[in-house]
Structures are given as structure tokens and as C-alpha cells.
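Next come the chains, spelled out residue by residue.
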Amino acid sequence: MQANINKTNQKRVIIIGGGFGGLKLARELSSSNFQVVLIDKNNYHQFQPLFYQVATAGLEPSAISFPFRKVFQKASNVHVRVAEVSRIDAAANCIQTSIGEIEYDYLILAIGADTNFFGNQNMMKYAMPMKSVSEALSIRNTILENYEKALVASDEQEKQALMNIVIVGGGPTGVEVAGTLAEMKKTVLPKDYPELDFSLMQVHLLEGSGRVLASMSEIASEKAKQYLIDLGVDVSLNARVIDYDGNTVTLTDSPAIHTRTLVWAAGVIGNKIEGLSPEVISRGNRILVDKTNKINGYSNIFAIGDIALMKDETYPNGHPQVAQVAIQQGELLAKNLKALSAGKVMKEFKYKDLGSMATVGRNKAVVDLPKIKFQGFFAWMVWMFIHLMSIVGIKNRLLIFINWAWNYITYDQSLRLIIKPKTKQ
Ligand SMILES: Cc1cc2nc3c(=O)[nH]c(=O)nc-3n(C[C@H](O)[C@H](O)[C@H](O)COP(=O)(O)OP(=O)(O)OC[C@H]3O[C@@H](n4cnc5c(N)ncnc54)[C@H](O)[C@@H]3O)c2cc1C
């Protein structure tokens, strides 16, 4: 079955994935001579860096998600299709999707990554990942439901397990979740649940390496750790989590922790689409590409962002899996596709590292820029400004700004709602 997309005399570029890389590429090609087909399993772009605020009831999911159709309302050459792509038939220049087959002249994989549980079946079953806005919402629901259950629990150990929260992975996501929850323990939760004893609640951050924020500078790691400790987070470094049965976290060298909420932020693995030669699939499912993002051995298939593995002198193991890499690769690929179809030479990608940052809580953030590193209130302001400016949609920006300002003044967000679809009988 062929998917219904009008064939024109324009060359067709199919972009799979409307994350940071795919969306940038589609936007850059939206006034070009290509027919662009943007395919995503969701009908919206998700701003992953703020998932943790949805998970901790700081923002509504709609504030960090943006419908593709709104972005491309005025771009007549861009066709959005909500579908899941399952297979590439490179010999026939065709992909198989949940809405049928679609032919392409150029195919771009911008499919990003998913949570990596490293094969631990129990973690897959009981731990909570945060790789989509719906997973972030699910964490919010679970935390709030557990507090409701704690209110009626009669057994003290059970009550504590319902109140404790364990976060595995001390990267930016783990640090941000832990810091926010520790702040909520001090501010809003005791007001919502005055009948609960919050000295029972413990926020644990378990990190397998010797420092949190290992991808940032040592000073940023040290400062972030101190911020977390000051907020009351129990930070364990070199912690090896062996198992979790939904009630108890087992570690190699430390006592077990009882919790009903374990947030897993300890690794990612590339999303997979069948059909490519196994030789191009590398570590973490990343796809080997040359310096123009063309997949090795293919003439018209490219990969960008988290899923792509491009090795160069500065990044012999590939670029970091961050938004800026995806955005910059999307931007250059748009230029290169235009060059390619005009018979010109494509340019090689050179990553411009704009720096990295993470926030731990109110007035507490760490920023590493190429020439300067700073922490504290100013870093926090910079973090907020950069994130606000990166959000798609003026209304979303405004909404988030109002939310943050309200939260700053009142210490109290009123988004702690347990919203779930009704299950059919
Ligand atoms: C919680 C969290 C916090 C983060 N914080 C930061 C941060 O502060 N700064 C930073 O730089 N980076 C951060 N990142 C990483 C950053 O979000 C990624 O590097 C970036 O999203 C990669 O962009 P991408 O375009 O490669 O893929 P993605 O943005 O992941 O987009 C992939 C898209 O492909 C779609 N897709 C996947 N498979 C299929 C399929 N088979 N069929 C159809 N559609 C498909 C998905 O629905 C998705 O829309 C964070 C990530 C997470 C999870």
C-alpha cells in the first residue's frame, strides 16, 4: 500500500523524526525546491531539556510541546505525516511506515534515541524513564499518586517507600530532577500533605561514576554536588545499582533503598529502523556517517543528531548527544542537500560547541562556556534565558515565563494534578 502523498516534479526529501535535528532541517527546507515529507510518530515536537519540569509538576506538557502542523502552516512544500517508520528499502528508495510505503529521493534519519536499561529486565518493568513528554507526565502522576497512597498507608516502611524517590544517573537530567524534588520537599509538598511527616522522605541520586555532571567541567560537577547536598539530596557516587523489584533498590556496596518511585536517567540507545546494512550500526545503535552526515555506503541516505555517529579529530568517539549537535547538523544538511541537487560540493560538518549548562534549583545553576565557567544566580538566569529562547512558539515562551515567575514568587505551582486517560472496561 502506498501512502497518500502527491507526487510532484520536485525531488522528495523524507525526514524521519521531528526532534531538534529533523525540525531544523525541515524548517530550513520549507522554502526550497524540494518536496519535504516530515514523518514522526507524534504530531508534535518535544522540548526534552524541560521534561523534568513536567515530571515535577512545574510545567504543563503543552508548554514544551509544539504541533508540527502549526510550524508548517504556510509551507506548501512540507507534508507532515504522523506515522511510525519500520523499515528502509534502500534498493527501492522506499520506506515502510504504519500508513504505507513512501518513496524518496533523499532520506534523512533524525530518529534520536530512547532510554537504555542495559538489558536489565526488572528496570524495564519497574523503573520510570523520561524520554518523552508522556513518560514525564507518567512520573508526575506516579509521584502524586504515591503521596496519596502514603496518606492512607499504615505500615511505616511502606509509607517511607511511597515517599522516597530514587534517581539513577547523575547527568543533567538526574541532577535537575533531584534538585527540584528536594526543593519541593521543603516548600510545596508539606503544604499539600500536612498530615505526612516529611522527615521520612529522602531523595537519593545514584551515579555510577565518580562525579555528577561528568560531561561538564570539574568545577561545575563539584558545585552541582554541593548544591544538591545543601538541598538535602542524598548523593551517592560510584554507586552500582544491581536490581529493582518495584519496592527495593539493590546496590553492590551500599544498603538497599526502599522506594516505589525510581526515575531512570542513566543512559540512551539509538532508536532502530530495520533495513540498513549491519556494518553501519555502531555502539549504542548509532549510525556511522561521513563528515557530511551521509550514511557510510549509501548515496542518498543521511543521519543527523543523536542517532548519527560521526568521528573526527576532536570527537573520535562521536559528538555528544545534545540538542546543539542535532540543530547544527540539520542546518548544514539543508545547505548540503541544496548543493547536492545543484551538482555542487557538500561542506563538511564542524561542531561549534556553544557550551553546556544545568540547573539544580532556585538561584542554583552551573554554566560552562568555551571561555568562561560560572555558577550560582547569574548562571541560573543564563540557563533560564537560553531555555526560554530555545522553546518553539511565542505563546509557549510566554507561558513558561509566567509559570517560572509565578513559581519564583509563590514557591507554589498549582499543576499537581493526576491526569490519566480513563481505562476502558
Ligand atoms: C530528559 C532530557 C533532557 C535533556 N536535556 C538536554 C539539555 O539540557 N541540553 C541539550 O543540549 N540536550 C539535552 N538533551 C538531549 C537532547 O534532547 C537530544 O540530544 C536531542 O533531542 C537530539 O535531537 P534529535 O533530533 O537527534 O532527536 P530527538 O529530538 O530525540 O527526536 C527524534 C524524533 O524522532 C521520532 N521518531 C523516532 N523513531 C521514529 C520512528 N521509527 N518513526 C517515526 N518517528 C520516529 C521521535 O518521535 C522524535 O520526535 C536531553 C534529553 C533528555 C531525554
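Everything numeric in this text was worked out from a predicted model, so none of it was measured.

Some words on the overall build of the protein
When its secondary structure is counted, the protein shows 12 helices and 24 strands. Compactness check: the protein gives a C-alpha radius of gyration of 23 Å against a globular reference of 22 Å for 425 residues, within 12% of the reference. Seen along its three principal axes, the alpha-carbon backbone of the protein occupies a region of about 70 × 60 × 45 Å. Across the 425 residues of the protein, 44% fall into the buried class. Within the protein, contacts between residues at least 6 apart in sequence are counted, and of these 64% link residues at least 24 apart.

A few points about the site of the ligand
Around the ligand sit 33 residues, and of these G17, G19, G112, G305 and V322 come closest. Secondary structure elements with two or more residues in the shell around the ligand: α1 (20-28), β2 (35-40), α7 (172-186) and α10 (323-341). No fewer than three residues from each of domain 1 (12-115 + 268-341) and domain 2 (121-266) sit in the shell around the ligand.

Here's the deal with the sheet that holds strand β14 (residues 241-244)
Here we have 3 strands laid out as an open sheet, ordered β14-β15-β16, and antiparallel in their pairing. Strands at the two margins of the open sheet, each flanked by one partner only, are β14 and β16 (257-258). Two elements, β14 and strand β15 (residues 248-251), share 3 bridges in a ladder whose sense is antiparallel. Note on β15: the bridge partner recorded for Y244 is V249.

Some points on the sheet that holds strand β6 (residues 85-89)
Ordered by their spatial adjacency, 3 strands build an open sheet running β6-β7-β8, and the pairing between neighbours is antiparallel. Unpaired on one side and paired on the other, β6 and β8 (100-103) mark the two borders of the sheet. Each strand axis lies, on average, 25 degrees off the axis of its neighbour in the sheet, ignoring direction. Relative to strand β7 (residues 94-97), β6 runs antiparallel, the two sharing 4 bridges. Bridge pairing in β7 links R87 to Q96.

Some thoughts on unusual backbone geometry
Look at L213: it is not a glycine, yet its phi comes out positive at around 45 degrees. Structurally, the position occupied by L213 is in the loop between β12 (203-206) and α9 (218-231).

Remarks on the environment of Q328
The topology assignment puts Q328 in helix α10. Residue Q328 is classed as buried on the basis of its 22 C-beta neighbours within 10 Å. Remark: the alpha-carbon pair of Q328 and I304, spanning 24 residues in sequence, is separated by 9.2 Å. Contact partners of Q328, with chain neighbours within four places excluded, come to Y351 and K352.

Digging into the domain arrangement of the protein
Each domain of the protein was delimited in the assignment, giving domain 1 (12-115 + 268-341) and domain 2 (121-266). Domain 1 and domain 2 are separated by 32 Å when their C-alpha centres are compared. Per element, the largest residue contribution to the side of domain 1 that touches domain 2 is 4 residues, and it comes from helix α2 (residues 51-55). Looking at the side of domain 1 that touches domain 2, its residues break down into 8 nonpolar, 5 polar and 1 charged.

So, the packing of α7 against α9
Remark: α7 packs on α9, axes separated minimally by 9 Å, with the N-to-C direction vectors making an angle of 25 degrees. As the angle between them shows, α7 and α9 are arranged roughly parallel. The two elements α7 and α9 meet at a crossing, and its hand is left-handed. Facing V175, A178, G179, A182 and E183 of α7, the residues of α9 in contact are A224, Y227, L228 and L231. Here the contact of α7 with α9 is composed, by residue class, of 7 nonpolar, 1 polar and 1 charged.

Cut-offs and rules
- Residues numbered from 1 in each chain as written.
- Predicted model: local features only at pLDDT ≥ 70, side-chain atom pairs only at ≥ 80, totals over all residues.
- Helix = DSSP H or I, 4+ residues; strand = E, 2+ residues; numbered from the N terminus.
- Rg over C-alpha atoms; globule rule 2.2 N^0.38 Å.
- Buried ≥ 20, exposed ≤ 12 C-beta atoms within 10 Å, placed from the backbone.
- Contact = placed C-beta atoms within 7 Å.
- Near = placed C-beta within 6 Å.
- Domains from an automatic or database assignment.
- Pairing = 2+ DSSP bridges.
- Axes fitted to C-alpha atoms, helices over the stretch in contact; angles between N-to-C directions.
- Nonpolar A, V, L, I, M, F, W, Y, C, P; charged D, E, K, R; others polar.
- Parallel < 35°, antiparallel > 145°, perpendicular 65-115°, else oblique.
- Left-handed = near helix turned anticlockwise from the far one by under 90°.

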